[in-house]
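A look at the structure
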Amino acid sequence: MNNRFFVLCMFGLLLLPTVYASDFAYIVKSSLGIDNYLINEINNNGYTVDIVFSGNISEYDLSSYRMLIIGDQNLDNIDLIPIDQYRSLIINSFNYFKKSPTDFQLGISSVAGSLTSPSILVLVDNGSPIVEGVSQRFNAYTLSDPNVKTAYLKGQKPAGINFIISTESLDSDSVIATINPGTSYLNGRVANERNLFFGITKSQYWTRNSSLLFSNSLKWVLEGEDRDEDGFNSDFDCNDTDPNVNPDSQEVPYDGIDNDCNQGADCLDPDCAGQAG
């Protein structure tokens, strides 16, 4: 009887889903791509990481993590890395651009751009929480070295992408850019979760501004933003530029606006049924 009970308990344990203790999955190709300075930055922000090797990506339950960190290595199985399905921060200079006429890789840019260190960068979206506390114009790195570069998005990008930090020469040469759910990547996939491209890839040489941008970027990917300061972040607020529009607002009939964010404007919304026009 005791043996049967033991066998049943063991079988039950095998059926339990795998639980990961860490917050983020840090995806690299091999151990050579593990950036311990980056891991220290993540740990200093109060988060933990598991290393996930891209060659075995299908063996991991990525849904167990709060975020994917796409590391700076030429990754294997790039088509299997589901940044469209999970919140992701892409700190990668190899796989974000169109590689050939038929291979868009992650589909964030048609062309790869790079800028040698110290890489002078500028704020483009001053209203984004990602730039809070960051200088208007700053160096990405603490040194000048032709081998230490900043990656940026160049050429065609997904429609609706938001430029946060760019090169000094052109606002659309974006070094930090955000992608919200509903955005179509150049590879044809559609974002179901927030993504952020972070082109300051060499964390060992980050300036204070770069380190602060990374910290703010982690928070943005995890929590979104509340631009209109009405108490609802962009996951729940259907118009984050209008403080009078949020899930706590009352539906106003015949104004053409979905005031309470329940996907029904005016008298398509049951909340205004019976109200006179």
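Residues numbered from 1 in each chain as written. Predicted model: local features only at pLDDT ≥ 70, side-chain atom pairs only at ≥ 80, totals over all residues. Heavy atoms only, no water.

With respect to the pairing of strand E1 (residues 24-28)
Within E1, five of the five residues are buried, which leaves it mostly tucked inside the rest of the structure. Across the two faces of E1 the burial is the same, with Phe24, Tyr26 and Val28 and Ala25 and Ile27 all buried. In the sheet, E1 pairs with strand E2 (residues 49-53) via five bridges, with the strands oriented parallel. Bridge pairing in E2 links alanine 25 to aspartate 50. This β-α-β element, E1 to helix H2 (residues 36-44) to E2, shows right-handed connectivity. Bridging between E1 and strand E3 (residues 67-70) involves four bridges; their strand directions are parallel. The residue bridging alanine 25 from the neighbouring strand is leucine 68, located in E3. (Buried < 20%, exposed > 50% of the residue type's maximum accessible area, 1.4 Å probe, protein only. Helix = DSSP H or I, 4+ residues; strand = E, 2+ residues; numbered from the N terminus. Pairing = 2+ DSSP bridges. Right-handed = clockwise from strand over helix to strand, strands pointing away.)

What to know about helix H3 (residues 208-223)
At 3.6 residues per turn, the α-helix brings residues three or four places apart onto the same side. Along its 16 residues, H3 runs 22 Å from first to last C-alpha, staying within 8% of the 22 Å computed at 1.5 Å per residue. When we look at burial in H3, the residues that qualify are Asn209, Ser210, Leu213, Phe214, Asn216, Ser217, Leu218, Trp220, Val221 and Leu222. Where H3 terminates, the next one or two residues include glycine 224, which has phi positive at roughly 75 degrees. (Expected span 1.5 Å × (residues − 1).)

With respect to the pattern of salt bridges
Taken as a whole and judged by the stated rule, the model has six salt bridges. We note a salt bridge from lysine 202 to aspartate 72, for which the minimum N-O separation is 3.1 Å. Taken as a pair, lysine 202 in the loop between strand E11 (195-198) and H3 and aspartate 72 in the loop between E3 and strand E4 (88-90) lie far apart in primary sequence, 130 residues in all. Aspartate 84 is the partner of arginine 189 in a salt bridge, and the nearest nitrogen-oxygen pair spans 3.9 Å. Taken together, the residues span a long stretch of sequence, with arginine 189 in the loop between strand E10 (174-179) and E11 and aspartate 84 in the loop between E3 and E4 at a distance of 105 residues. (Salt bridge = Lys/Arg side-chain N within 4 Å of Asp/Glu carboxyl O.)

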